[in-house]
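# Close look at the chain arrangement
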Number of protein chains: 2
Amino acid sequence: MKIGILGTGMVGSALGNKLVSLGHEVKMGSRTANNEKAVAWVKGAGAKASQGTFADAAGFGELILNATSGHGSLEALKAAGANLKGKIVIDISNPLDFSKGMPPTLFAGNTDSLGELAQAALPEAKIVKTLNTVTASIMVEPGKIGGGDHTLFVCGNDAAAKATVGEFLKTQFGWKNILDLGDITQSRGTESFLPLWLRMWGALKTPEFNIKIVR
Amino acid sequence: MKIGILGTGMVGSALGNKLVSLGHEVKMGSRTANNEKAVAWVKGAGAKASQGTFADAAGFGELILNATSGHGSLEALKAAGANLKGKIVIDISNPLDFSKGMPPTLFAGNTDSLGELAQAALPEAKIVKTLNTVTASIMVEPGKIGGGDHTLFVCGNDAAAKATVGEFLKTQFGWKNILDLGDITQSRGTESFLPLWLRMWGALKTPEFNIKIVR
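So, how was this worked out
- Residues numbered from 1 in each chain as written.
- Chains lettered and ligands numbered in written order.
- Predicted model: local features only at pLDDT ≥ 70, side-chain atom pairs only at ≥ 80, totals over all residues.
- Heavy atoms only, no water.
- Pairing = 2+ DSSP bridges.
- Helix = DSSP H or I, 4+ residues; strand = E, 2+ residues; numbered from the N terminus.
- Axes fitted to C-alpha atoms, helices over the stretch in contact; angles between N-to-C directions.
- Contact = heavy atoms within 4.5 Å.
- Buried area = accessible area lost by both parts, 1.4 Å probe.
- Salt bridge = Lys/Arg side-chain N within 4 Å of Asp/Glu carboxyl O.
- Polar contact = N/O pair within 3.5 Å; in protein donor to acceptor, adjacent residues only side chain to side chain.
- Least-squares fit on C-alpha atoms with pLDDT ≥ 70 in both.
- Phe/Tyr/Trp six-rings, centres within 6.5 Å; stacked < 30°, edge-to-face > 60°.
- Buried < 20%, exposed > 50% of the residue type's maximum accessible area, 1.4 Å probe, protein only.
- Lys NZ or Arg CZ within 6 Å of the ring centre and 35° of its normal.

### Focus: the sheet that holds strand E9 (residues 151-156) of chain B
Residue and element names in this part refer to chain B.
- Strand order across the open sheet formed by 8 strands is E3-E2-E1-E4-E5-E8-E9-E10, with mixed pairing between neighbours. Looking along the sheet, the strands with just one partner apiece sit at the ends: strand E3 (49-53) and strand E10 (177-182). Neighbouring strand axes in the sheet, compared pairwise and without regard to direction, differ in orientation by 25 degrees on average.
- Here E9 runs beside E10; their pairing, made up of 5 bridges, is parallel.

Here it is in structure tokens:
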């Protein structure tokens, strides 16, 4: 299928590489049409990869993945604007504030969340928050650790969109255990997980881990 | 050993019952010497149980467990005051704010934490933050789910105190996997986990679960 990725960082590239390798056509969007990192990514990823503006990527994709940084997330979604109308947007962004030193703090996630802000800014898009609780390499290959037996969270207001995303994550990346937390306000939960996630990374000396629910 | 518990709620009672059943002497502390819930708990728990003020419980215990609510935590610790000097205080409190409806939000945990505030208020006590990421029944019996194969976090400034607490949790309650996140500022991570924990509870329909690190 045709997929638009917003963001040219580590997450966008990892998603793009995996999706191209699976045979999808991927357009990577950025603030400018010929962002240096996007152009470099396209060169490496081959014929099914292309780049453009946020609006170009949003217009191109049947499915959109928002892999921008937290601070740039709403700006990118607004730039994509009308091209997101009616589309499913997988929102992976986290509200990390690096301005106060490391580890970063959160600029949302307690009484609000980036997921909700995105849905409010784009009422005609179907925002599905997911993948934001694992590092890029695990997002696209959960089987890399523990045989894939660990938990991914999903939330959003549109049940059909969540079902589509769940199927996509299972069939394309291999996710086995996906827990639906409810509507988009539940993003507060998964975004608030980041302060613990960052500290686990510090203690474990690797970002390649995830949590599994035991009950 | 002699253990002081601050707090008369579900967590304090569960800890008290378990510790008495293991043969420890437990004094449950509250704002007043004869708190109704504490008196009722003592009646049910038997000869090794007693109650008193926060200062009484702190003076009695060789080890102290702070099981007060987030809003009452610092007040309780300050009331215990000098009696906590040099002692290990296991801090289980979470900064939950129920004033804005359910699920509760956090009044600390991003740029500060209850663990740090406790250590700052009582520089001569050894605050060890732990147990705050699971429900009371799992705190005292981790083997109740998944054969006990799941993760507990610990943090604090005093390495020897953390080692003592780790040994206590293993030998008394049966915790197997304890991850040391570092100094007391890491409480920001485990306290910030509560918004996700509460939503997992909602989705799973039970608070009797925990997370296991998979890597």
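### Description of the interface of chain A and chain B
- At the junction of the two partners, chain A supplies 33 residues and chain B supplies 33 residues.
- In total, about 2800 Å² of surface goes out of reach between chain A and chain B, with carbon and sulfur atoms giving 70% of it.
- On the surface where chain A and chain B come into contact, there are 0 salt bridges.
- Run the count over chain A and chain B and you get 7 residue pairs in polar contact (both at pLDDT 80 or more).
- Breaking the side of chain A that touches chain B down by element, the ones donating at least two residues are strand E7 (105-106), strand E10 (177-182), helix H8 (187-192), helix H9 (194-204) and strand E11 (210-214) of chain A.

### Some remarks on the relation of the copies chain A and chain B
- Placing chain A over chain B gives an RMSD of 0.0 Å and needs a rotation angle of 180 degrees, together with 0.0 Å of translation along the axis. Taken together, the rotation and translation relating the two chain copies correspond to the operation of a two-fold axis.
- The share of interface residues of chain A whose copies in chain B are also at the interface is 100%, consistent with both copies meeting through the same surface.

### Points about the sheet that holds strand E2 (residues 25-30) of chain A
- As summarised here, the arrangement of the 8 strands in space is E3-E2-E1-E4-E5-E8-E9-E10 (chain A), forming an open sheet in which the pairing is mixed. In the strand order of this sheet, the two ends are held by strand E3 (49-53) and E10 of chain A, each with one partner. Ignoring which end each strand starts from, the neighbouring axes of this sheet average 25 degrees apart.
- Inspection of the sheet shows strand E1 (residues 2-6) of chain A paired to E2 of chain A by 5 bridges, in the parallel sense. Paired with Leu-6 of chain A across the bridge in E2 of chain A is Gly-29 of chain A.
- Packing of helix H9 (residues 194-204) of chain B onto the sheet brings it into contact with strand E9 (151-156) and E10 of chain A, and relative to E10 of chain A it is tilted by some 100 degrees.

### Side note on the packing of aromatic side chains
- Under the defined criterion, the tally for this structure stands at 7 aromatic pairs over all chains.
- Judged by centre distance (5.7 Å) and plane angle (75 degrees), the ring pair of Phe-168 of chain B and Phe-173 of chain B falls under edge-to-face.
- Overall, Phe-168 of chain B belongs to the buried group, its relative accessible area being 8%.
- What makes Phe-173 of chain B buried here is its relative accessible area of 6%.
- Through pairs of rings, three or more aromatic residues link up here, namely Trp-197, Trp-201 and Phe-209 of chain A.
- Just above the ring of Phe-60 of chain A sits the side chain of Lys-27 of chain A; from NZ or CZ to the centre is 5.3 Å.

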